[in-house]
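Read off the chains here:
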Amino acid sequence: RRDNDLHIGGIFPMEGEGGWQGGQACKPAAELALADVNARSDLLSGFKLLLHSNDSKCEPGLGASVMYNLLYNPPQKLLLLAGCSTVCTTVAEAAKMWNLMVLCYGASSPALSDRARFPTLFRTHPSATVHNPTRIKLMQKFGWSRIAILQQAEEVFISTVEDLEAHCKKASIEIVTRQSFLSDPADAVRNLRRQDARVIVGLFYVVAARRVLCEVYKHRLYGKSYVWFFIGWYEDNWFETNLEREGIECTVEQMREAAEGHLTTEALMWNQNANQTTISGMTSEDFRSRLNEALREAGFDIDGGRYPEGYQEAPLAYDAVWAVALAFNKTMEKLEKSGLSLKNFTYTNKKIADDIYEAINSTSFLGVSGLVAFSSQGDRIALTQIEQLTDNHYVKLGYYDTQADNLTWLERERWVGGKVPPDRTVVVNEL
Ligand SMILES: CC1(C)CO[C@@H](CC(=O)O)CN1
């Protein structure tokens, strides 16, 4: 090995059964970024960044063994990239013992926003809690101060709801009921009707979402008197697919009828300003073209619409490598002042680890995923996007910048009853 190589470890979920196998698109994206940063003569002053990676299948145990193999086999690694919330939790909890920073490109769990447990964790993937200020902003915009919550009993949604409840309390928004279910939402949806819930925030994975929507149809909890907030990162036609395979009793028409008008929130992962040049010299659309080319070479039928898992999150992996390169560059400049370099790092060298931490902590650059910057807990600061399902397709309603409390609204919303549904039964006094 040449002595001007800087080595990092990469743990990508590739070929597993459960969870998120987003490494399929994120690993090629990270490799594109490696090529780009190594081609820059103004970065890393002559050093080359090398990525040593393996498959975690989004399983924490396998992720841990991949990490140990990366750490116990030369060359020494300077930092770890990882995806999947479960794997990031395991890797980030252990990595501090080797003074290693962990940069997660695919982890949304709110539990990771904890500097006590994860002192060296940063993530270019925003926490699921990033939706909550946006939900509150919309409730305030439409005058909804009485809402209900329907959630699947999964860790990511439980902690997201806790954060949402705190936001509701601060905004004096009453939560009339919070219903949760493991896999069958029938009772929970029935209880929503019993509590006369009208504005409902739904937090569940896409398979559960189809079951919820059919129950909503059966209990007629949709139409001009109801507003549903769903998560926006399901595939576009999620409410029409897999109905037979998953034993959904509703027809496509019934699912469409129940889905009409619902709102969605999601974190923006592709820089919206398509002709804005980012730090790499590319726009986000240039990046899309290069990623598609790399994925075709890897055997994916992109032109046939066969996208690998993690395509949506690929900019997060690309920008994670840029964040590493820029932080290492900043750290090299600092170390050179005392005649040192990153080659002096060892797993017991906390001093250099602190320098790398400081460099990542002060990251701020325009990436293909938008402005890349981290909160004090290492969370990605991100914009959110609001959409509404109208006539069976998603219409962009606006964007929200939580930091600036700035809602960009496109005035495109449409309500089934022709006006904003009220959050409670309105009693009209006969004159
Ligand atoms: C938006 C989504 C699908 C949320 O889950 C992330 C995976 C995880 O948190 O384990 C990937 N991105």
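Residues numbered from 1 in each chain as written. Predicted model: local features only at pLDDT ≥ 70, side-chain atom pairs only at ≥ 80, totals over all residues. Heavy atoms only, no water.

Draft legend 1. Highlighting the sheet that holds strand 14 (residues 393-401). Taken in spatial order, the eight strands make up an open sheet running 7-6-8-9-10-13-14-15, and their pairing is mixed. Pairing within the sheet leaves two strands with one partner each, and these edge strands are strand 7 (174-181) and strand 15 (406-409). Taken over all neighbouring pairs, the strand axes of this sheet differ in orientation by 25 degrees on average, direction set aside. Where strand 10 (residues 263-267) and strand 13 (residues 384-390) come together, five bridges link them in antiparallel fashion. Counterpart to Glu266 in the pairing with strand 13 is Gln385. Contacts from helix 5 (residues 155-170) reach strand 6 (146-152), strand 7, strand 8 (199-203) and strand 9 (227-231) within the one sheet, and its direction differs from that of strand 6 by about 170 degrees. (Pairing = 2+ DSSP bridges. Helix = DSSP H or I, 4+ residues; strand = E, 2+ residues; numbered from the N terminus. Axes fitted to C-alpha atoms, helices over the stretch in contact; angles between N-to-C directions. Contact = heavy atoms within 4.5 Å.)

Draft legend 2. Representation of the packing of helix 1 (residues 23-38) against helix 9 (residues 284-297) within the structure. Here helix 1 crosses helix 9 at 115 degrees, and the two axes come no closer than 10 Å. In terms of their interaxial angle, helix 1 and helix 9 are classed as roughly perpendicular. Crossing of helix 1 over helix 9 shows right-handed handedness. Contact residues: Gln24, Ala25, Pro28, Ala29, Leu32 and Asp36 in helix 1; Phe287, Arg290, Leu291 and Leu295 in helix 9. In the contact of helix 1 with helix 9, the residues fall into seven nonpolar, one polar and two charged. (Parallel < 35°, antiparallel > 145°, perpendicular 65-115°, else oblique. Left-handed = near helix turned anticlockwise from the far one by under 90°. Nonpolar A, V, L, I, M, F, W, Y, C, P; charged D, E, K, R; others polar.)

Draft legend 3. Summary view of the state of the cysteines. With the rule as written, the count across this model stands at three disulfides. Across a sulfur-sulfur distance of 2.1 Å, Cys88 and Cys104 are joined as a disulfide pair. Negative torsions about the S-S bond denote left-handed disulfides, and the value of about -125 degrees found for Cys88 with Cys104 makes this one left-handed. Placement of the pair is Cys88 in helix 3 (residues 85-95) and Cys104 in strand 4 (residues 101-106), with a sequence separation of 16 residues. Like Cys88, the residue Cys104 is buried in the burial classification. (Disulfide = S-S within 2.5 Å. Buried < 20%, exposed > 50% of the residue type's maximum accessible area, 1.4 Å probe, protein only.)

Function cannot be read off these values alone, since they describe shape.
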